[in-house]
Amino acid sequence: MKLLQSLSIIFACITALPAYSQKSIKLSSPDGNIQYVFQLKDKAPVYTVSFKGKPIIKNSGLILSFSETGLFKHDLKILKPVFREAIETYELIVGKAKSVNHPFKEVIIPLEETKKPFRKINLVVRAFNDGLAFRNEFPRQKNWSSYSLTDENSDFKLTGDPKLLNLFLPNYTTSSAMAGVLFPLAAGH
């Protein structure tokens, strides 16, 4: 009987190993409607975004390219993620309200290369009730004191047949390069 229990435990551990290596990090908006899922597939970063349980961005990659050290894409591992919740507060210059309180949830996902040059980059993801944002942070590190980022090749593989509304801006002198883009959170809704 003990042999059977021991074999069962060993079998459970062996079958759980692939699931652990495919560990995903999930972040939801404060109201739970938007969900961001990050994981490493074949040691490369991939993310998915869902709205009300329906995927809107699927299996999209995050790739950075540096002139000195090449691509930051392969042979990565996830270190311990850090989660937090907060309220972003700011004053509006014009609008119906003078101040805005915008609750969000955030995760910092530290990524580290498993091969030379062993760079570390933090992916910071924020989920608001009306959207999602992410950025890269470059922590100080001994083996990487300066860099030239030459390309940022994030994928946005939209599912279905979404509609996108654009506000065409005449030049790049506005306060935000993304000011006029409305992202379809739910295609067809």
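Computed from a prediction, not measured in an experiment: that's the story for all the values here.

1. A closer look at the sheet that holds strand β3 (residues 44–51)
Here's step 1: If you walk across this open sheet you meet the four strands as β1-β2-β3-β4, and the pairing is antiparallel. Each edge of the open sheet is held by one strand with a lone partner, namely β1 (24–28) and β4 (54–61). When the angles between neighbouring strand axes are averaged without regard to direction, this sheet yields 15 degrees.
Here's step 2: Bridging between strand β2 (residues 34–41) and β3 involves eight bridges; their strand directions are antiparallel.

2. Examining the sheet that holds strand β6 (residues 70–72)
Here's step 1: Taken together, three strands build an open sheet; the order of strands is β6-β5-β12 and the sheet is antiparallel. Looking at the sheet topology across the chains shown, the edges are occupied by β6 and β12 (149–152). Across the sheet, the mean angle from the axis of one strand to that of its neighbour is 25 degrees, orientation sign disregarded.
Here's step 2: Two strands pair when backbone bridges link them, and strand β5 (residues 64–66) and β6 are joined in this way by three bridges, in the antiparallel orientation. Across the sheet, Ser65 pairs through a bridge with Leu71, a residue of β6.

3. Thoughts on the confidence of the model for the chain
Here's step 1: For the chain, the mean per-residue pLDDT works out to 79, and 75% of the residues sit at or above 70.
Here's step 2: In this model, residues 3–21 is a region of pLDDT below 50 whose contacts with residues beyond four sequence positions or in other chains number zero contacts.
Here's step 3: Here residues 176–189 is modelled with pLDDT under 50, and outside its nearest four sequence neighbours on either side it reaches 27 contacts, counting other chains as well.

4. Observations concerning the pattern of salt bridges
Here's step 1: Inspection of every chain in the model, using the stated rule, returns seven salt bridges.
Here's step 2: Ionic pairing is found between Arg119 and Glu113, a salt bridge with its closest N-O pair at 2.6 Å.

5. Notes on the packing of aromatic side chains
Here's step 1: What the rule picks out here adds up to eight aromatic pairs.
Here's step 2: Measuring from ring centre to ring centre gives 5.5 Å for Phe104 and Phe128, while their planes differ by 50 degrees; the resulting arrangement is tilted. Note that Phe104 is positioned in strand β9 (residues 99–113) and Phe128 in strand β10 (residues 120–128), a separation of 24 residues in sequence.
Here's step 3: The class for Phe104 is buried, based on a relative accessible area of 4%.
Here's step 4: Its relative accessible area of 11% is what places Phe128 among the buried residues.
Here's step 5: Through pairs of rings, three or more aromatic residues link up here, namely Tyr36, Tyr47, Phe134 and Phe156.
Here's step 6: Over the ring of Phe104 we find Arg126, and its NZ or CZ is 4.0 Å from the ring centre.

6. Thoughts on the side chain of Ser154
Here's step 1: Structurally, Ser154 is set in the loop between β12 and β13 (165–166).
Here's step 2: Take Ser154: its relative accessible area is 16%, and that puts it in the buried class.
Here's step 3: Excluding its chain neighbours within four sequence positions, the residues that come into contact with Ser154 are Gly61, Leu62, Ile63 and Phe134.

7. Describing unusual backbone geometry
Here's step 1: A cis amide bond links Lys116 with the next residue in sequence, Pro117, at an omega value of 15 degrees.
Here's step 2: As for its position among the elements, Pro117 is in the loop between β9 and β10.
Here's step 3: Even without glycine at this site, Phe118 takes up a positive phi of about 60 degrees.
Here's step 4: Considering the arrangement of structural elements, one finds Phe118 in the loop between β9 and β10.
Here's step 5: With a relative accessible area of 36%, Phe118 lands in the partly exposed category.

8. With respect to the nonpolar core
Here's step 1: Core analysis: the biggest nonpolar cluster contains 25 residues, and Tyr36, Phe38 and Ile109 have the highest contact counts within it.
Here's step 2: Contact partners of Tyr36, with chain neighbours within four places excluded, come to Ile25, Lys26, Leu27, Tyr47, Thr48, Val49, Leu62, Leu123, Val125 and Leu132.

About the thresholds
Residues numbered from 1 in each chain as written. Predicted model: local features only at pLDDT ≥ 70, side-chain atom pairs only at ≥ 80, totals over all residues. Heavy atoms only, no water. Pairing = 2+ DSSP bridges. Helix = DSSP H or I, 4+ residues; strand = E, 2+ residues; numbered from the N terminus. Axes fitted to C-alpha atoms, helices over the stretch in contact; angles between N-to-C directions. pLDDT = per-residue confidence, 0-100. Contact = heavy atoms within 4.5 Å. Salt bridge = Lys/Arg side-chain N within 4 Å of Asp/Glu carboxyl O. Phe/Tyr/Trp six-rings, centres within 6.5 Å; stacked < 30°, edge-to-face > 60°. Buried < 20%, exposed > 50% of the residue type's maximum accessible area, 1.4 Å probe, protein only. Lys NZ or Arg CZ within 6 Å of the ring centre and 35° of its normal. Core = buried A, V, L, I, M, F, W, Y, C linked by side-chain atoms within 4.5 Å.

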